[in-house]
Amino acid sequence: MNLNREKIKGYNVLFIQEERIDAHNSGELKEAILHLIEQGEVNIIVQLAQVRFIDSSGLGALLSGHKNAALKSGRLAITNMQPQVLSMFELTRLNRVFDIYTDLNEAFDR
């Protein structure tokens, strides 16, 4: 999976540089998030501006990260969702689970 990580305002921001998060690359996303959490980096923002499609395995990778961050008193937030990706979160009601923001500044200000 092509992703970049930057530390901004105390958060690890993962910039996903893929158009799809699906069964082919969701495992790598899950591993990247869990690796950060294991290192004590429990405040994570996943920026999805380039993602146009996400399937159940992608949602599962993000949900795993969310649960593991919460267990360590951290948080995993999501920003910059495309409308079709947001509709998947709404369809599965995961929009009620995740902190979802329109952009990074909104996520930082929470």
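Small disclaimer: the values here were computed from a predicted structure and weren't measured.

Student: How do you make sense of the sheet that holds strand β1 (residues 3-8) when you look at a structure like this?
Tutor: Two strands in a sheet stick together by hydrogen bonds in their backbones, pointing the same way (parallel) or opposite ways (antiparallel). Taken together, the five strands give an open sheet; going across it, the order is β1-β2-β4-β6-β7, and neighbouring strands pair in mixed fashion. Strands at the two margins of the open sheet, each flanked by one partner only, are β1 and β7 (99-101). Strand-to-strand twist in this sheet, taken as the mean axis angle between neighbours without regard to direction, amounts to 25°. Sheet contacts for helix α2 (residues 56-71): β4 (43-47) and β6 (75-79); angle to β6, the most-contacted strand, approximately 140°.

Student: Help me out: how do you make sense of the pairing of β6 in this one?
Tutor: Regular strands show a simple pattern: their side chains alternate between the two faces of the sheet. Counting buried residues along β6, five of its five residues qualify, which places the element largely inside the surrounding structure. Neither face of β6 is exposed, since R75, A77 and T79 on one face and L76 and I78 on the opposite face are all buried. When β4 meets β6, the two strands line up parallel, connected through five bridges. Of the residues in β6, the one forming a bridge with N43 is R75. Both β6 and β7 contribute to a ladder of three bridges, which runs parallel.

Student: Explain the pairing of β1 to me, please; I cannot follow it from the model alone.
Tutor: Pairing analysis gives six bridges linking β1 to strand β2 (residues 11-16), with the strands arranged antiparallel. Considered in β2, the bridge of K7 is made with N12. Between β1 and β2, which pair antiparallel one after the other, the connecting turn spans two residues, and K9 there sits at a positive phi close to 50°.

Student: Sorry if this is basic, but what is going on with the packing of aromatic side chains here?
Tutor: Ring pairs (aromatic) are described by centroid distance and by the angle formed between their planes. All told, the structure shown has two aromatic pairs when counted by the stated rule. Pairing Y11 with F108 gives two aromatic rings, centres 5.8 Å apart and planes at 40°, and the pair type is tilted. Placement of Y11 in strand β2 and of F108 in helix α4 (residues 104-109) is noted, with a sequence separation of 97 residues between them. Across the pair, F108 and Y11 agree in class, each one buried. With 5.6 Å between their ring centres and 75° between their planes, F89 and F98 make a pair best called edge-to-face.

Parameters and conventions
- Residues numbered from 1 in each chain as written.
- Predicted model: local features only at pLDDT ≥ 70, side-chain atom pairs only at ≥ 80, totals over all residues.
- Heavy atoms only, no water.
- Pairing = 2+ DSSP bridges.
- Helix = DSSP H or I, 4+ residues; strand = E, 2+ residues; numbered from the N terminus.
- Axes fitted to C-alpha atoms, helices over the stretch in contact; angles between N-to-C directions.
- Contact = heavy atoms within 4.5 Å.
- Buried < 20%, exposed > 50% of the residue type's maximum accessible area, 1.4 Å probe, protein only.
- Phe/Tyr/Trp six-rings, centres within 6.5 Å; stacked < 30°, edge-to-face > 60°.

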